[in-house]
Amino acid sequence: MSLRSRKHAFLEKYFSGESVNYRQIISLYTPILIDQAFLVCLSLVNTVMISSSGVAAISAVNMIDSINMFLISTFIAVSTGGTVVVAQYKGSGNEPMVSKSAASTVSTVFLFALGISLLIGLFHNPVMNLLFGGASADVLDNAHVYLVGSSVSYVGIAVQEAVCGALRGIGRTRASLILSLIMNLSYVVLNVIFINFMHMGVLGMTIAANVSRYSAAIIALFFLAKIVANASLSFRLRDLFQFELAMIKKIMFVGLPFAAEQMFFNGGKIVTQMFIVSLGTYAMATNAICSTLAVVLQIPSNALSLAAITVVGQCMGRRNVADARKLTKSFIWLSSFSFVLMALIVLPMFRPLVGLFHPPADIVDDIFNVTLINALAQIPLWSISFLLPSALRAAGDSKFTSMTSMLSMWLFRIVLGYILGIVFHFGIVGVWLAMNCEWGVRGLVFLWRFKGEKWYQHRLIEPASEKQAVRG
């Protein structure tokens, strides 16, 4: 048998089923992978650019990004609920409901983000004083500017994410890639102008974020209204103002528990950030650089996690549990293998990569130790802790996955992080060790759930044929 035939047989065996075949998965996954790689590279470039403004600037950006992630992740979670609903309707063959669910996703996420933006605009001072009052004055000054500027941009990125979520639900990942590239390329270009040429520092970064995010939101809506006028998604702008409570309820059934999970999960990260603030500015810079390197290692697996939502969602739209199980397992193994490959690429390049951030010599060894520990821990633990719940959530099992994630974060990562990092004086290394341990606990719970039957017994949508039987 030729190499090409063996490759085809392997892909057919592990990545094809009745609901979807490996060619469809590759065409779905490739744009998401490119998008994730691009996003991470841009994040790396932005971190490098802002590091040229000094340790106080990079510490402030990393500190406020923990709040940004806490808030932005909530409406991204709601858009994920929309992705699941759109994907299940797409899998069931109910095209009119695909369009309605896409419109409801955009309008729901818009309102959600608007409320969050207004709250932060009103209460940014008490939030800063409560969470990071112990930081140095120069860090706090930069942090206030970055938080207010970021909050103004939330609605823009929310609309763009909602549109991309709807497009991923129907498998139009190339379109979502184009929208993401438009937003992020313009963000980097504007950052170069405002930070490197105009030397505006953190203020320039916030202006770049607002211009790029609102421009992308306008283009995204235009794209849905004018370009994607086909059988899969006939979208009209006026559909955004027709709030269908039944459809919003379906979206929020998945999105709201996930949003609550993200709030608690990222809230735990903020608490951890408070530990790190108490360790000093160098520890904050170490954490920022390590976080960036960790995300580089996660590029292929994050893309697989996003693809799993569409794939499993469409399988469950057809009520084909056997395909959902098979493809989820294959995604987990492929994700774990990708971590081995990424570690072999990134670790030998550690010195030149870290050199981009211009870190003080005193923290380079800590950065390496954390990166090495995390790279090894991700291989067996990340996929069952993050990719597997994406698959469960795509089947409608949102409450269980969210409760598990919230409890594991607060019972293990935070408590253990404080004990190892502060009480036992392991510092930043102890905080990251606690995080890796929490992945293991959470992943084992998700594996137990996946082996059972309750995760696929939710009926999120009405099937195209009421007499469809569950296969598997």
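Only a predicted model underlies this, so the values are computations on that prediction, with no experimental measurement involved. (Residues numbered from 1 in each chain as written. Predicted model: local features only at pLDDT ≥ 70, side-chain atom pairs only at ≥ 80, totals over all residues. Heavy atoms only, no water.)

### Quick word on the overall build of the protein chain
Summing up its helical and strand segments, the protein chain has 16 helices and zero strands in all. When the 472 residues of the protein chain are sorted by exposure, 58% land in the buried category. Long-range pairs, those at least 24 residues apart, make up 84% of the contacts in the protein chain between residues at least 6 apart in sequence. With an accessible surface of roughly 19500 Å², the protein chain has 69% of that area assigned to carbon and sulfur atoms. (Helix = DSSP H or I, 4+ residues; strand = E, 2+ residues; numbered from the N terminus. Buried < 20%, exposed > 50% of the residue type's maximum accessible area, 1.4 Å probe, protein only. Contact = heavy atoms within 4.5 Å. Areas by Shrake-Rupley, 256 points an atom, 1.4 Å probe, with all protein chains shown as cover.)

### Re a nonpolar patch on the surface
Among the surface-exposed residues, Val415, Tyr418, Ile419, Val423, Phe424 and Phe426 lie close enough to one another that they form a single nonpolar patch of about 550 Å² accessible area. Summarising the element assignment, Ile419 is placed in helix H15 (residues 398-423). Judged by relative accessible area, which is 32%, Ile419 ranks as partly exposed. (Patch = residues over 30% accessible without salt bridge, like charges linked within 9 Å, V, L, I, M, F, W, Y side chains within 5 Å. Salt bridge = Lys/Arg side-chain N within 4 Å of Asp/Glu carboxyl O.)

### Focus on the packing of aromatic side chains
Throughout the structure, instances matching the rule amount to 11 aromatic pairs. Three or more aromatic residues joined by ring pairs make a cluster, and in this case those are Phe10, Tyr14, Phe15 and Phe331. A cation over a ring is seen here: Arg325 above Phe450, with NZ or CZ 5.6 Å from the ring centre. The ring of Phe386 carries Arg442 above its face, with NZ or CZ at 4.6 Å from the centroid. (Phe/Tyr/Trp six-rings, centres within 6.5 Å; stacked < 30°, edge-to-face > 60°. Lys NZ or Arg CZ within 6 Å of the ring centre and 35° of its normal.)

### Here's the deal with unusual backbone geometry
For Arg319, which is not a glycine, the phi torsion comes out positive at approximately 60°. Along the polypeptide, Arg319 turns up in the loop between helix H11 (299-317) and helix H12 (321-346). The backbone phi angle of His425 is positive, close to 60°, even though this residue is not glycine.

### Concerning the side chain of Ser212
As for its placement among the helices and strands, Ser212 is situated in helix H8 (residues 201-227). Exposure remark for Ser212: the relative accessible area of 2% places this residue in the buried category. At 3.1 Å, the side chain of Ser212 forms a polar contact with the backbone oxygen of Ala209. The residues touching Ser212, leaving out its near neighbours within four places in the chain, are Met183, Ser186, Tyr187 and Leu190. (Polar contact = N/O pair within 3.5 Å; in protein donor to acceptor, adjacent residues only side chain to side chain.)

### What about the environment of Ile64?
Within the element layout of this structure, Ile64 appears in helix H3 (residues 55-92). Counting along the chain gives 82 residues from Ile64 to Tyr146, while the straight-line C-alpha distance between them is 6.9 Å. Among residues more than four places away in sequence, those in contact with Ile64 are Met128, Ala143, Tyr146 and Leu147.

### Some details on the pattern of salt bridges
Pairs can form between side chains of opposite charge whenever their charged atoms are close. Throughout the structure, instances matching the rule amount to three salt bridges. Two residues, Arg449 and Asp397, come together in a salt bridge whose shortest N-O distance is 2.9 Å. With Arg449 in helix H16 (residues 427-451) and Asp397 in the loop between helix H14 (364-394) and H15, this residue pair connects regions lying 52 residues apart in the sequence. Summarising the burial analysis for this pair, Arg449 and Asp397 share the class buried. The partner of Arg442 in a salt bridge is Glu438, with the nearest N and O atoms 3.0 Å apart. Taken together, the residues span about one helical turn, with Arg442 and Glu438 both in helix H16 at a distance of four residues. Judged by its relative accessible area of 2%, Arg442 falls in the buried class. Connected via shared salt-bridge partners are Arg413, Glu438 and Arg442.

### Observations concerning the side chain of Ser16
Positionally, Ser16 belongs in the loop between helix H1 (3-15) and helix H2 (22-51). Given the relative accessible area of 3%, Ser16 is considered buried. Here the side chain of Ser16 touches Tyr22 through a polar contact of 2.9 Å, landing on its backbone nitrogen. With residues up to four places along the chain from it excluded, the contact list for Ser16 reads Leu11, Asn21, Tyr22, Lys326 and Leu327.

### Considering the nonpolar core
Most often, soluble globular proteins have nonpolar side chains that are buried together. If you look at the biggest cluster of nonpolar residues, it comprises 134 residues, and the most contacted ones within it are Phe75, Tyr154, Val311, Phe331, Ile367 and Trp455. Tallying contributions element by element places H3 first for this core, with 15 residues. The contacts of Phe331, once residues within four sequence positions are left out, are Phe15, Ile25, Leu304, Ala307, Ala308, Val311 and Leu387. (Core = buried A, V, L, I, M, F, W, Y, C linked by side-chain atoms within 4.5 Å.)

### Remarks on the packing of helix H10 (residues 281-297) against H14
As a packed pair, H10 and H14 sit with axes 10 Å apart at the nearest point and diverge in direction by 30°. By the angle between their directions, the pair H10 and H14 is classed as roughly parallel. In this structure, H10 crosses over H14, and the sense of that crossing is right-handed. Packed against H10, whose contacting residues are Thr286, Ile289, Cys290, Leu293, Ala294 and Leu297, the element H14 presents Asp366, Ile367, Val370, Thr371, Asn374, Ala375 and Gln378 at the interface. Its residues assigned to classes, the contact of H10 with H14 comprises eight nonpolar, four polar and one charged. (Axes fitted to C-alpha atoms, helices over the stretch in contact; angles between N-to-C directions. Parallel < 35°, antiparallel > 145°, perpendicular 65-115°, else oblique. Left-handed = near helix turned anticlockwise from the far one by under 90°. Nonpolar A, V, L, I, M, F, W, Y, C, P; charged D, E, K, R; others polar.)

### Notes on the packing of helix H9 (residues 245-278) against H10
Two elements in contact, H9 and H10, have axes whose closest approach is 6 Å; the angle formed by their N-to-C orientations is 135°. Between H9 and H10, the crossing angle belongs to the class labelled oblique. Between H9 and H10, the residues in contact are Gln273, Ile276 and Val277 and Ala283, Met284 and Asn287, respectively. For the contact of H9 with H10, the residue count by class is four nonpolar, two polar and no charged.

### What to know about helix H6 (residues 154-169)
Its 16 residues place the ends of H6 22 Å apart at the C-alpha level, agreeing with the 22 Å of an ideal helix rising 1.5 Å per residue. Phi for Gly171, located one or two positions after H6, is positive at around 85°. (Expected span 1.5 Å × (residues − 1).)

From the geometry alone we can't say anything about function, so treat these as descriptive.
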